[in-house]
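Results of the structural survey
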Amino acid sequence: MPKPLQLDTFLNSVRQRNPHEPEFLQAVEEVAESLIPFINQHPKYLEYRVLERMCEPDRSLSFRVAWEDDHGDIHVNRGYRVQFNNSIGPYKGGLRFHPSVNLSVLKFLGFEQTFKNSLTDLPMGAGKGGADFNPKGKSDREVMRFCQAFMSELFHYIGENVDVPAGDIGVGGREIAYLFGQYKRLTHEFAGVLTGKALEYGGSLVRLEATGYGVVYFLQNMLLFNGREYKGKRCLISGSGNVAIYAAEKALQLGIRVLTLSDSSGYVLFRKGLSEEHLAYIKQIKTVQRGRISEVAEKFSDVEFFPGQKPWQVPAEFALPCATQNELDADDAETLIANGIEAVCEGANMPCTKGAVDRFIAARVLYAPGKASNAGGVAVSGLEMSQNSQRLSWSREELDNMLRDIMRKIHDKCVRYGKEDDWVNYLKGANIAGFVKVVDAMVAFGVM
Ligand code: NDP
Ligand code: 2IT
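Our subject in this report is the structure included herewith. Given the structure is predicted, the values throughout are model-derived calculations rather than measurements.

**Side note on the site of ligand 1**
Taken together, 25 residues lie around ligand 1, and Lys136, Asp168, Ser264, Arg292 and Asn349 are the ones closest in. Between ligand 1 and Ser240, the relevant distance is 2.9 Å, taken from an oxygen atom to a main-chain nitrogen or oxygen of the residue. Interatomic distance of 2.9 Å between a backbone N/O atom of Asn242 and an oxygen atom of ligand 1. When ligand 1 is considered free in solution it has 890 Å² of accessible area, and contact with the protein chains removes 83% of it. Of all elements in the fold, only helix H8 (207–225), helix H9 (242–253) and strand S7 (257–263) reach the threshold of two or more residues within the shell around ligand 1. Looking at the shell around ligand 1, its residues break down into 5 nonpolar, 13 polar and 7 charged.

This is how it looks when you write it as structure tokens:
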């Protein structure tokens, strides 16, 4: 029987094997802190070295993507797919197009996805991919040519029972359509190989809204369980993409006062709270015109733009970071705590640094890690896969009810595994609950 795991020794070995991968190491560290005491109490998990195996992706693929811009100039980007773990279902997870994409970022995202997908209780393994391509400022035709070139290599490695990608930062409905069209052309097959599709070719209702709505459903469950109110309370949201917009929409519907949204240029403050009119305009500028959040402040006199700043210094009861990794650090956490923050639900993946998370937990702020609170998106992707296999489609109401139900069950699992004497550690709960299902399957398969 192997000796009990020691956190430092374990992390040092992961560090040595993965030098120059700070995001991946950060994600592993956060999980290992909760899991190692649990593993040491379960000899079977120790014997089968499940944590060591989970920290090594099944495979990481990288490939050249060459494409031609509108002027006939040729560009070369690097494409990736990290197939992390398929113990409980086909690899499943988004594609990110952003200049910051590299192997470390995709490995952290794939690792987190393993726990997240397990928490949904749907049969989905975990993967993540993308490219260091920047869609900003590109024409539709340039994006189309890039997507076609990207899929011309990726299609070898994916399939409806093998690996099912979806969207993430920089990959929305437009990109999924180009990718799906190219897959269909190359394989002569109309298959549910991507999720986040439009309704005309096999998409699911509610997928567009699912991540943002799910974050707010999780917040609702967390507040209800802990005997707190949400109506009329103030909420900070960062980002103004898919997740942020629909988190804001659901918060507004529930009577929560949304004070901010942001993008990489700065944040906007809604002095009287976000209104339906503001939101309709934001959807228009962000999703149709692909503009900047500052344009909302140009249009409405009760909205102010703060260039180059993040929203975390604005006093509020709730914070939903919905932009990107490490966008909220320890200093931001201290400011939020000093201003009376009650709950933080991550819409983005790993938006809070380790220092920020430690501070929230020490201050007993209700903190939900993204692998639990943003799982609504991939959950509805899982439902899209089911609809595609059965060649049927569920109604908006049915899907929204399934999403609510899944978010409530994820919350309850976090409580079950995270309950301590007088409070719930949602981080520990999510890590252990997500872990158990995957490693039980890995143990059953034997050594591989
Ligand atoms: P979008 O591309 O739709 O929007 C991303 C938003 O985040 C934009 O407002 C963007 O601003 C901002 N942003 C991106 N990178 C940075 C950066 N480096 N610094 C500051 N702001 C930044 O992406 P999504 O809304 O889909 O994704 C947001 C987060 O949610 C990501 O962490 C993603 O992994 C996670 N997520 C997404 C899911 C989904 O279903 N889409 C599911 C679960 C999690 P700008 O336009 O200026 O770049
Ligand atoms: O991070 C995520 O969960 C996503 N980007 C969604 C993945 C998916 O397969 O729907």
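**A closer look at H9**
Taking 1.5 Å as the rise per residue, H9 with 12 residues should run 16 Å; its terminal C-alpha atoms sit 17 Å apart, in good agreement. The buried fraction of H9 amounts to 9 of the 12 residues, a majority that puts the element mostly inside the structure. Inspection of H9 places Val243, Ala244, Ile245, Tyr246, Ala247, Ala248, Glu249, Lys250 and Ala251 among the buried residues, and these make up the whole buried set. Looking at the buried residues of H9, the elements they touch are H8, strand S6 (234–238), S7, helix H10 (276–288), strand S10 (318–321) and helix H16 (396–418). In the segment just after H9, Gly255 is the residue with positive phi, at about 85°.

**Focus: the sheet that holds strand S12 (residues 366–368)**
Read from one edge of the open sheet, 7 strands run S9-S8-S7-S6-S10-S11-S12, paired in mixed fashion. Looking at the sheet topology across the chains shown, the edges are occupied by strand S9 (303–307) and S12. Ignoring which end each strand starts from, the neighbouring axes of this sheet average 15° apart. Taken together, the 3 bridges between S6 and S7 define a ladder with parallel strand orientation. Bridge pairing in S7 places Cys235 opposite Val258.

**Here we look at the packing of aromatic side chains**
Within this structure, the stated rule accounts for 23 aromatic pairs. A ring pair is formed by Phe111 and Phe115, whose centres lie 5.2 Å apart and whose planes are at 70°; its orientation type is edge-to-face. Of this pair, Phe111 and Phe115 both sit in helix H5 (residues 103–119), 4 residues apart, which is roughly one turn of the helix. With respect to class, Phe111 is no different from Phe115; both count as buried. Here the aromatic rings of Tyr213 and Tyr217 are separated by 6.3 Å at their centres, their planes lie at 65°, and the arrangement is edge-to-face. In this pair, Tyr213 and Tyr217 both sit in helix H8, 4 residues apart, roughly one turn of the helix. Both residues of the pair, Tyr213 and Tyr217, belong to the buried class. Aromatic ring contacts, followed pair by pair, group Phe63, Trp67, Phe97, Phe133, Phe146 and Phe150 into a single cluster.

What counts, and where the lines are drawn
- Residues numbered from 1 in each chain as written.
- Chains lettered and ligands numbered in written order.
- Predicted model: local features only at pLDDT ≥ 70, side-chain atom pairs only at ≥ 80, totals over all residues.
- Heavy atoms only, no water.
- Near = heavy atom within 4 Å.
- Polar contact = N/O pair within 3.5 Å; in protein donor to acceptor, adjacent residues only side chain to side chain.
- Areas by Shrake-Rupley, 256 points an atom, 1.4 Å probe, with all protein chains shown as cover.
- Helix = DSSP H or I, 4+ residues; strand = E, 2+ residues; numbered from the N terminus.
- Nonpolar A, V, L, I, M, F, W, Y, C, P; charged D, E, K, R; others polar.
- Expected span 1.5 Å × (residues − 1).
- Buried < 20%, exposed > 50% of the residue type's maximum accessible area, 1.4 Å probe, protein only.
- Contact = heavy atoms within 4.5 Å.
- Pairing = 2+ DSSP bridges.
- Axes fitted to C-alpha atoms, helices over the stretch in contact; angles between N-to-C directions.
- Phe/Tyr/Trp six-rings, centres within 6.5 Å; stacked < 30°, edge-to-face > 60°.

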